[in-house]
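This is what each chain is made of:
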Amino acid sequence: MVTSVYAVAGLLWITFSDLIVGALVTDADTLSQVQTWKGFFFVFVTALVLFLALFRLLTRDRALLRLQHDQSLALRKRERQLTVLMDSLPGMAYRCRYDDHGTMLFVSEGCVELTGYDPDELMGSRAISYGDMLDTESYRHLLFEIRSALAKEEPYSVEYALNRKDGQQVWVWERGRAIHEGADGTMLEGIVLDISDRKRLRDELEELATRDPLTGLLNRREMSRVLEEELERARRYQRPMAMLWIDFDRFKEINDTFGHAAGDSVLQSVTGLLEESVRSVDSVGRFGGEEFVIVLPEMGVAEAQETAERLRRQVSATPQPLGDGRMVSLTISVGVAVYPRHGLTGSALCAAADKAMYQAKTAGRNCVALAHVQEQVHNEQ
């Protein structure tokens, strides 16, 4: 384009300038001098125009190069800031494909502390894929949460167990979202944090909320919940269910004679004996003080009475430690109530079993009594 303009301008200059000079100058020597100066002028003007054009072009290119340089510096600065930020996160930032293995395209340096693997080992699944670090149940749970979030076009949050390179299992919390990138498909971006300590603390708090701190048995609230669940199951399948209400005989005398520390030792020993003497499906709980409850699913009257008698004899025949090397004998009184014979609700069964236990106390302690049937109290001293 520039060449064409230059050629046209030169042709016009030569044609019209010669005509004008020929019309104005008739002397041959003067005409020769004018033609010479005209040529110098054309060269000067042309050079000046080319200089200005080139200067403008170079100035624009220089400004563009400076802009590109500044943008490159800013980009590298942002990349450094992002790298520092990613590496400072208390976990692993990631970008991966949404595929069957969770193929990592990027992971931050936090993956070393979290998983035990270097970034190069995880990216592209060179050493192991991220999905292979999860057990089957955790992986299914993670995929389910991701798919549910994708269907709703929402971020996903999920907790699961992850197996480190050293074989240790840790609990992690993952937060991320899907990024749709056209031809490249769907990508997932997010962060994974180690929550093992938090989960351990949460489990301990849950344990404290459901367990008696002295004996480790289910507390009154949790035992009531278990009782209602078993009652609901018994109603649904029209099956019996029994409960035993147990009270230690003359336990106050042990506390008064040997001290509360000795009483605690006896409580712990006897409750351990009770737990070991029932089935794995049975539940043993402490309702308070020296009163304990045992829920016996799928058990009728005869079998419940037999179980209560067996426990009574076992406790009576086993001396209990006081914690200082000495032993003491202990007996229990047991009340038996069975659904649906003695009650249709948890409160009704508890009241019936508690009343039966007091019947056993009245009959001389170290007894088993069936709810609402006082004549079926057995005393085997």
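If you're wondering where the values come from, they're calculated on a predicted model, not measured in any experiment. (Residues numbered from 1 in each chain as written. Predicted model: local features only at pLDDT ≥ 70, side-chain atom pairs only at ≥ 80, totals over all residues. Heavy atoms only, no water.)

## Topic: the overall build of the protein chain
Regarding its fold elements, the protein chain presents eleven helices and 13 strands. A separation of at least 24 residues holds for 55% of the contacts in the protein chain among residues at least 6 apart in sequence. By element, 57% of the accessible surface of the protein chain is carried by carbon and sulfur atoms, the whole surface being about 22,600 Å². (Helix = DSSP H or I, 4+ residues; strand = E, 2+ residues; numbered from the N terminus. Contact = heavy atoms within 4.5 Å. Areas by Shrake-Rupley, 256 points an atom, 1.4 Å probe, with all protein chains shown as cover.)

## Notes on unusual backbone geometry
Residue P340 is bonded to the preceding Y339 through a cis peptide linkage, with omega at 0°. With respect to the secondary-structure elements, P340 resides in the loop between β11 (332-339) and α11 (346-362). If you check the backbone angles, E153 has positive phi at about 55° while not being a glycine. Within the secondary structure, E153 is located in the loop between α5 (136-152) and β3 (156-163). In the Ramachandran plot, R250 falls in the positive-phi region, its phi being about 50° despite a non-glycine side chain.

## Side note on the nonpolar core
Grouped together as the largest cluster of nonpolar side chains are 33 residues, with contacts concentrated most on L244, I246, F248, V266, I294, V334 and V336. Secondary structure elements with two or more residues in this core: β6 (241-248), α8 (251-258), α9 (260-276), β8 (291-297), α10 (301-317), β11 and β12 (367-370). Residue contributions to this core peak at six residues, all from α9. Those residues within four positions of V266 in sequence are excluded, and the remaining contacts are F251, I254, Q320, P321, L322, V328 and L330. One finds M92, Y117, M123 and L134 within the second-largest nonpolar core, a separate group that totals 28 residues. (Core = buried A, V, L, I, M, F, W, Y, C linked by side-chain atoms within 4.5 Å. Buried < 20%, exposed > 50% of the residue type's maximum accessible area, 1.4 Å probe, protein only.)

## Here we look at the packing of helix α7 (residues 220-237) against α11
Contact geometry of α7 with α11 gives a least axis separation of 10 Å together with a crossing angle of 110°. When the axes of α7 and α11 are compared, the pair comes out roughly perpendicular. Pair α7 / α11 crosses with right-handed handedness. Facing α7, whose interface residues are L227, E228 and L231, α11 presents G346, L349 and C350. (Axes fitted to C-alpha atoms, helices over the stretch in contact; angles between N-to-C directions. Parallel < 35°, antiparallel > 145°, perpendicular 65-115°, else oblique. Left-handed = near helix turned anticlockwise from the far one by under 90°.)

## Concerning the confidence of the model for the protein chain
Predicted confidence across the protein chain gives a mean pLDDT of 85, with 83% of residues reaching 70 or more. Scored below 50 in pLDDT, residues 374-381 shows 25 contacts in the model against residues more than four places distant or in partner chains. (pLDDT = per-residue confidence, 0-100.)

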